[in-house]
Amino acid sequence: MKAASLHQRTARRGEGTGIRRPFWAVALVLLLFNLAACSGRPALHVSTRSLAAGEWPSHGGDVYAQRYSPLASINVGTAGQLGLAWWVDLDTDAGLEATPIMVGGVLYFTSAYSVVRAVDARSGQVLWTYDPHVMPFAARSCCGPVSRGVAVERGRVFVGALDGRLMALDAATGAVAWEVQTFDGAQPSAENYAITGAPRVVKGRVIIGNGGAEFGARGYVSAYDAQTGALDWRFYTVPGAPGTRDHAASDAPLARVTQTWAGDWWRWGGGGTVWDAIEYDPDLDLLYIGVGNGSPTNHMLRSRGIGDNLFLSSIVALRPETGEYVWHYQQTPGESWDYTATQPMILADLVIAGRVRQVLMQAPKNGFFYVLDRRTGELISAQPYARTTWASHIDMATGRPVENPQARYERTGIPAVVFPSSGGAHNWQPMAYSARTGLVYLAVQDFGLPFAADSAQQPQTGVYSSGLAMAGGARFSDADLDAVLSGASAYLLAWDPVAGRAAWRRPLAALFNGGALVTAGDLVFQGNGSGQFAAHDARDGSPLWTFAAQTGVVAGPITYSLDEVQYVAVLAGWGGAWPMLGGQLAEVPANAVGPNRLLVFRIGGTAQLPPVPARQPHRASIPPDNGTAEQVAQGDALYGRYCLRCHGIAAVSASMVPDLRHSAALGAPAFRTIVGDGALVSRGMPAFAAVLSAAEIEAIRSYVIQLARADSEGR
């Protein structure tokens, strides 16, 4: 590929259980020759010492985040003998997204609201529980009070809480060793931020980012001393107000990239939050961060439609000891569709065009599968793995997407149905790579969404500020629904990163599905939104075993071994972004909301989950609909901005959040007390009196009453 500009490439510098109660090291195995013989590719760094010993020591399994296990006693021949060994009930109906860590015979993981547990990995006995009490802050997160896990290192468990605290817990007792507030008071209000991602520990430092671009945050990633909690360095991903200095590791590059921004973006925060993807390459001593979407999403409102807006939607390489910038690659310049580069990254060594390349692989929201040289950031390949109507292809000479001008709704002023949706063709759900097959395994959701600009929107602290028109509470017209759902599909995809094409696809029954694990037994484990946890043949996708989890499974599974017994573990709990929002898009699975559990399987397991209690749908009496057409229309738009992200499109709840159409609180006094005055703040429902007038709250109530009446009449 030709040398690309700064905009595209690099500045090359150097608690009950099933018994009803309640890093890493250097690569151990180099399989370049024998595995290359069966796959045509080298298999470098497949395992680390602790993985080979049967542990799961880090978020991605090994240091290269491949989510591949060398364990093989559960394999294509024995998968059918799998059974439930034990489970742990988790006393929450909010979404579970964490990947457990298993070291020293103990499983460490988070459930919703950043609650941490340590569980005996043999028996399921809960050893300790730590609750940081973040429920009042639940609405800070765009996508539910989820947490993707912990990091464990040198006798400590590190967790980032929803309210911004980073904590070090004693791994034996759960006692707090230290805690520090990571939200920077000098930046936009702390109400704009949340932490849902798992920290990483690299060279004695705990690396953590945050979310909040939907609320007006300015993104950054920070490194804290693992022993003391002292801030070591910070790197901001987008520039602040012109003329200001952060005295941070990012000062030098941001001074140069400010030219890629226009207007008064800093009033909106700018976005670029590092809410999930962080990985470290011990071979090159590089830390890779995936940077999120813009704030607001609408490029015209954010930056007058001008400039690439670095480092939004980019992968950035840093030095882990200093935060020094090394290189970047931007996937979606001037992003305007909530396309992030915060999706999981996998590091591997592949034979490409006859030579071994050290690569970084990512399948981000925008629908293209990227293979980068992880030393330099050079683009090696980028091919669509799902429908991509926003761009036809990636120009390999420049590294830039060739866009469809009609997808730029903010420039044309014409609403557009764009594929992939803002939820992405692939989101945070972990993907896995097997050098045995040479394939990457990931969950794909192939559908689009309508985008329309709201140029009159203004930034508000702690309020969803996308710059998108969400009239109808984003309730879709019949025409929009046809356009969005026509041909919509979801599948488990096996992708060949060398050939740049799909090896196989396995259709899934639900649109929203879980992360992947691949093993030396040639098995791919994956949960799905229809409530099944399954094992597939990694070679062709054939289903080999399924288990009815009684709830949707979206988290990433792991496998580990103790006493020569191999186990598979996964958190089962329906929730997160699309399960919360998508009630109108897809039929909600039966019993989708809980009971949420940690499930652990083994060959010959005989435990049985208790029957799911029958749930009777609750429908409160509907108050008189006294709202005028103008009030309902106003409430329609207000609901879209202030309520939709928790209560769902058109108030169709598909998760733990109450379905407002069936709420007994639709009466005027109760509705005003809850929405305006914050009567339920302690349960995560924020107060809106500071940003919504009494008349606006009444307009939202009128809109919801109309939806409730339509639902009761079957409309």
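Even after reading the chapter, I still don't get the overall build of the protein chain, so can you show me in this structure?
Scanning the protein chain from terminus to terminus reveals 11 helices and 39 strands. Scored against the burial criterion, the 715 residues of the protein chain give a buried share of 64%. Of the roughly 23,900 Å² that the protein chain leaves accessible, carbon and sulfur atoms contribute 52%.

Which parts of the structure should I look at to understand helix 10 (residues 668-675)?
Side chains three or four residues apart in an α-helix point the same way, a direct result of the helix having 3.6 residues per turn. Ala668, Phe671, Ile674 and Val675 are the residues of helix 10 that are buried. Seen from one end, helix 10 has its buried residues packed into an arc of 140 degrees, which puts them on one side. Buried residues along helix 10 sit against helix 11 (694-712).

How do you make sense of the sheet that holds strand 22 (residues 355-362) when you look at a structure like this?
The pairing of strands in a sheet happens through backbone hydrogen bonds and is either parallel or antiparallel. Ordered in space as 21-22-23-24, the 4 strands form an open sheet in which the pairing is antiparallel. For this open sheet the edge positions go to strand 21 (345-352) and strand 24 (379-384), each flanked by a neighbour on one side alone. Across this sheet, the average inter-strand angle for adjacent strands is 25 degrees, counted without regard to direction. Examined bridge by bridge, strand 23 (residues 368-373) and strand 24 share 5 bridges and lie antiparallel to one another. Directly across from Tyr370, in strand 24, lies its bridge partner Ala382.

Whenever I open this one, the pattern of salt bridges confuses me. Can you help?
Note on pairing: side chains with opposite charge can pair once their charged atoms come close. Scanning the entire structure with this criterion turns up 28 salt bridges. Of the charged contacts in the structure, one is a salt bridge between Arg267 and Asp264, with a shortest N-O distance of 3.8 Å. Relative accessible area serves as the criterion here: at 44%, Arg267 is assigned to the partly exposed category. One network of salt bridges, in which partners are shared, links Asp281, Asp283, Asp349 and Arg374.

Looking at this model, I keep getting lost on the confidence of the model for the protein chain. Mind explaining?
Keep in mind that low pLDDT regions are not for reading the predicted coordinates in detail. Looking at the protein chain, the pLDDT average stands at 87 and 88% of residues meet or exceed 70. Throughout residues 1-47 the model reports pLDDT below 50, and contacts reaching past four residues in sequence, or to other chains, amount to 136 contacts. Within the model, the stretch residues 471-475 combines pLDDT values under 50 with 19 contacts to residues more than four positions away or in other chains.

Would you take a moment to explain the environment of Ile700 for this structure?
Its place among the elements puts Ile700 in helix 11. In this structure Ile700 comes out as buried when scored by relative accessible area, which is 2%. When neighbours within four sequence positions are excluded, Ile700 is seen to be in contact with Gly635, Leu638, Tyr639, Cys643, Phe671 and Leu692.

Just to check I follow, could you spell out the side chain of Arg302 for this structure?
The topology assignment puts Arg302 in helix 4 (residues 299-303). The buried charged residue Arg302 lacks any salt bridge, with Glu335 as its nearest oppositely charged partner at 4.2 Å. One polar contact links the side chain of Arg302 to the main-chain carbonyl oxygen of Thr297, over a distance of 3.0 Å. In contact with Arg302, not counting residues within four places along its chain, are Trp261, Ala262, Trp265, Gly270, Gly294, Ser295, Pro296, Thr297, Asn309, Leu312, Gly334 and Glu335.

Help me understand helix 11, please; the structure alone is not making it clear to me.
Here helix 11 spans 27 Å end to end across 19 residues, near enough to the 27 Å set by a 1.5 Å rise per residue. Close packing links the buried residues of helix 11 with helix 8 (629-642) and helix 10.

What exactly am I supposed to notice about the packing of helix 8 against helix 11 here?
Angle between the axes and distance between the axes are the two parameters that describe a pair of packed helices. Helix 11 packs onto helix 8 with a crossing angle of 95 degrees between their chain directions and a minimal axis gap of 7 Å. In terms of orientation, helix 8 lies roughly perpendicular with respect to helix 11. Residues Gln631, Val632, Gln634, Gly635, Asp636, Leu638 and Tyr639 of helix 8 touch helix 11, and the partners they reach there are Glu696, Glu698, Ala699, Ile700, Ser702, Tyr703, Val704 and Gln706. Of the residues belonging to the contact of helix 8 with helix 11, the class tally is 7 nonpolar, 5 polar and 3 charged.

Would you mind showing me how to read the pairing of strand 32 (residues 501-507) here?
Across a regular strand the side chains alternate sides, sitting on one face of the sheet and then on the other. When strand 31 (residues 489-496) meets strand 32, the two strands line up antiparallel, connected through 6 bridges. Bridge pairing in strand 32 links Tyr491 to Pro507.

Just to check I follow, could you spell out the sheet that holds strand 3 (residues 101-103) for this structure?
Overall, antiparallel pairing links the 4 strands, which are arranged 3-4-5-6 in an open sheet. Every other strand in the sheet has two partners, leaving strand 3 and strand 6 (126-130) as the edge strands with one partner each. Direction aside, the axes of adjacent strands within the sheet are offset by 15 degrees on average. Of the strand pairs in this sheet, strand 3 and strand 4 (residues 106-110) are connected by 3 bridges, and their pairing is antiparallel. When the bridges of strand 4 are listed, Met102 appears paired with Leu107.

How should the nonpolar core be read in this particular structure?
Burial of nonpolar side chains together is a common tendency in soluble globular proteins. With 42 residues, the main nonpolar core has Leu107, Phe525, Tyr560, Leu598, Leu599 and Phe601 as its most contacted residues. Those elements that place two or more of their residues in this core are strand 2 (82-89), strand 4, strand 34 (523-527), strand 35 (532-537), strand 36 (543-548), strand 37 (558-562), strand 38 (565-572) and strand 39 (597-603). Ranked by residue count, the leading element in this core is strand 38, at 7 residues. Not counting the four nearest positions on each side in its chain, Leu107 is found in contact with Trp86, Pro100, Ile101, Met102, Arg117, Ala118, Val119, Ala121, Ile558, Tyr560 and Leu598.

Reading the values: rules and limits
- Residues numbered from 1 in each chain as written.
- Predicted model: local features only at pLDDT ≥ 70, side-chain atom pairs only at ≥ 80, totals over all residues.
- Heavy atoms only, no water.
- Helix = DSSP H or I, 4+ residues; strand = E, 2+ residues; numbered from the N terminus.
- Buried < 20%, exposed > 50% of the residue type's maximum accessible area, 1.4 Å probe, protein only.
- Areas by Shrake-Rupley, 256 points an atom, 1.4 Å probe, with all protein chains shown as cover.
- Arc of directions from axis to C-beta.
- Contact = heavy atoms within 4.5 Å.
- Pairing = 2+ DSSP bridges.
- Axes fitted to C-alpha atoms, helices over the stretch in contact; angles between N-to-C directions.
- Salt bridge = Lys/Arg side-chain N within 4 Å of Asp/Glu carboxyl O.
- pLDDT = per-residue confidence, 0-100.
- Lys, Arg positive; Asp, Glu negative; His and termini not counted.
- Polar contact = N/O pair within 3.5 Å; in protein donor to acceptor, adjacent residues only side chain to side chain.
- Expected span 1.5 Å × (residues − 1).
- Parallel < 35°, antiparallel > 145°, perpendicular 65-115°, else oblique.
- Nonpolar A, V, L, I, M, F, W, Y, C, P; charged D, E, K, R; others polar.
- Core = buried A, V, L, I, M, F, W, Y, C linked by side-chain atoms within 4.5 Å.

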